[in-house]
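# Tertiary structure, described
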Amino acid sequence: MHLSRFPRLHLAHLPTALEPMERLSRELGVELWIKRDDCTGMSTGGNKTRKLEFLMAEALEQGADMVMTQGATQTNHGRQTAAFAARLGLKCHLLLEDRTGYNNPNYNQNGNVLLDHLHGATTEKFPAGHDMPGEMERAAERKRAEGHKVYVIPGGGSNPTGALGYVNCAMELVGQANDRNLKIDRVVHATGSSGTQAGLVTGMCAMNAQIPVLGIGTRAPREKQEQMVYDLACRTAEKLGCPGVVKREDVVANTDYVGEGYGLPTKAGIEAIRMFAELEGILLDPVYSAKGASGLIDLTRKGAFKGERVVFVHTGGSVALFGYDFAFDHANRWVNL
Ligand SMILES: *Cc1c(COP(=O)(O)O)cnc(C)c1O
């Protein structure tokens, strides 16, 4: 695969580290590694940075002076898009959907929202269930009528262009494994708008790496999630020039760890945040990576990965911790010295 055929900005800090998680592995009895895509750079990093390398290059190629995208209030994608726009001197407008209904001031103003505004992005809020893609098209039309050249990025940066970022991650990961003689049995990560898994699966299949990828769902039910990933993987493979390389059965999602809904923390997710923080010094986020990790932990405990070497792709998001401080009872950690 020859990714330099596609326009790309090299703004991510790559390659990201591939590290063993020794204490967590000992705790769970399976060899666990972590791919640090939480450290990709651009306003603390996360998985959207890899996608935005390709998306923002396309925006520049098309002569855009403004980018627009949408997501939940605490969208990591919006924050990373705002950082790219700042770096490139483009205007950035974010449409934020209130998917949780939280009135908490930190949820609405801290974490990612604080950083969106620090990067100079403008934001607009909408109630849960609003037609966000339609709203974004209308907003883009209004800005175009004012004379702007607007580049519209779908939620999560999940289209074939964005997914190239995770084809790139699959190639990078397999390269690291080969360099170290490290046989990887499985990759596990949090899946949402589907670009990460679609890119990883397409990359793995196109290389014939024979490394299964398991997406842990954060929003949609299994059938819908897998179909979304599969559709995008097929379009990504087509863009790469290897149509048909991904089979339906290559796309596997487990959506048992969503809990009450998107953006609503789960007990198991909070436990995962504590385990990663206390055993590995690594920060997860309650919306995505903690739910992904809670699936990894629970499935490991149930013996699903017995004898395997599993790589958890850390997709980032820890900035959202500051918008979700109310989800943690840390009163019992204060001591009087
Ligand atoms: C967006 C996001 C995901 C999900 O990735 P998709 O490509 O949307 O499936 C996972 N983790 C974090 C931290 C994210 O911000």
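Residues numbered from 1 in each chain as written. Predicted model: local features only at pLDDT ≥ 70, side-chain atom pairs only at ≥ 80, totals over all residues. Heavy atoms only, no water.

Its domain assignment divides the protein into domain 1 (18-44 + 159-327) and domain 2 (47-153). Residue-level contacts link 35 residues of domain 1 with 27 residues of domain 2. Each partner contributes to the roughly 2600 Å² buried at the junction of domain 1 and domain 2, and carbon and sulfur atoms together form 56% of this total. Summed over the three residues of domain 1 that lose the most area to domain 2, namely Met42, Ser43 and Tyr262, the buried surface amounts to 22% of that side. Linking domain 1 to domain 2 there are two salt bridges. Residue Asp37 is joined to Arg50 by a salt bridge in which the shortest nitrogen-to-oxygen separation is 2.6 Å. Taken together, the elements giving at least two residues each to the side of domain 1 that touches domain 2 come down to α7 (160-179) and α8 (195-207). Ranked by the residues each element gives to the side of domain 1 that touches domain 2, the list is headed by α7, at eight residues. Across the side of domain 1 that touches domain 2, the residue classes tally to 13 nonpolar, 16 polar and six charged. (Domains from an automatic or database assignment. Contact = heavy atoms within 4.5 Å. Buried area = accessible area lost by both parts, 1.4 Å probe. Salt bridge = Lys/Arg side-chain N within 4 Å of Asp/Glu carboxyl O. Helix = DSSP H or I, 4+ residues; strand = E, 2+ residues; numbered from the N terminus. Nonpolar A, V, L, I, M, F, W, Y, C, P; charged D, E, K, R; others polar.)

What follows deals with the UniProt feature "modified residue: N6-(pyridoxal phosphate)lysine" (unreviewed entry) in the protein. This chain's UniProt record puts "modified residue: N6-(pyridoxal phosphate)lysine" (unreviewed entry) on Lys48. Along the polypeptide, Lys48 turns up in helix α2 (residues 48-61). Look past the residues within four positions of Lys48 in its chain and what remains in contact with it is Asn76, His77, Gln80 and Gly156. (UniProt positions renumbered as here; feature names shortened; annotations may be inferred.)

On to the pairing of strand β8 (residues 213-217). Burial analysis of β8 places five of its five residues in the buried class, which makes it a mostly covered element. Burial along β8 is two-sided: Val213, Gly215 and Gly217 and Leu214 and Ile216, pointing in opposite directions, are all buried. Inspection of the sheet shows strand β7 (residues 186-191) paired to β8 by five bridges, in the parallel sense. Of the residues in β8, the one forming a bridge with Thr191 is Gly217. With α8 bridging β7 and the parallel β8, this β-α-β connection has right-handed handedness. Bridge count for β8 against strand β9 (residues 252-254) is three bridges, and the pairing is parallel. (Buried < 20%, exposed > 50% of the residue type's maximum accessible area, 1.4 Å probe, protein only. Pairing = 2+ DSSP bridges. Right-handed = clockwise from strand over helix to strand, strands pointing away.)

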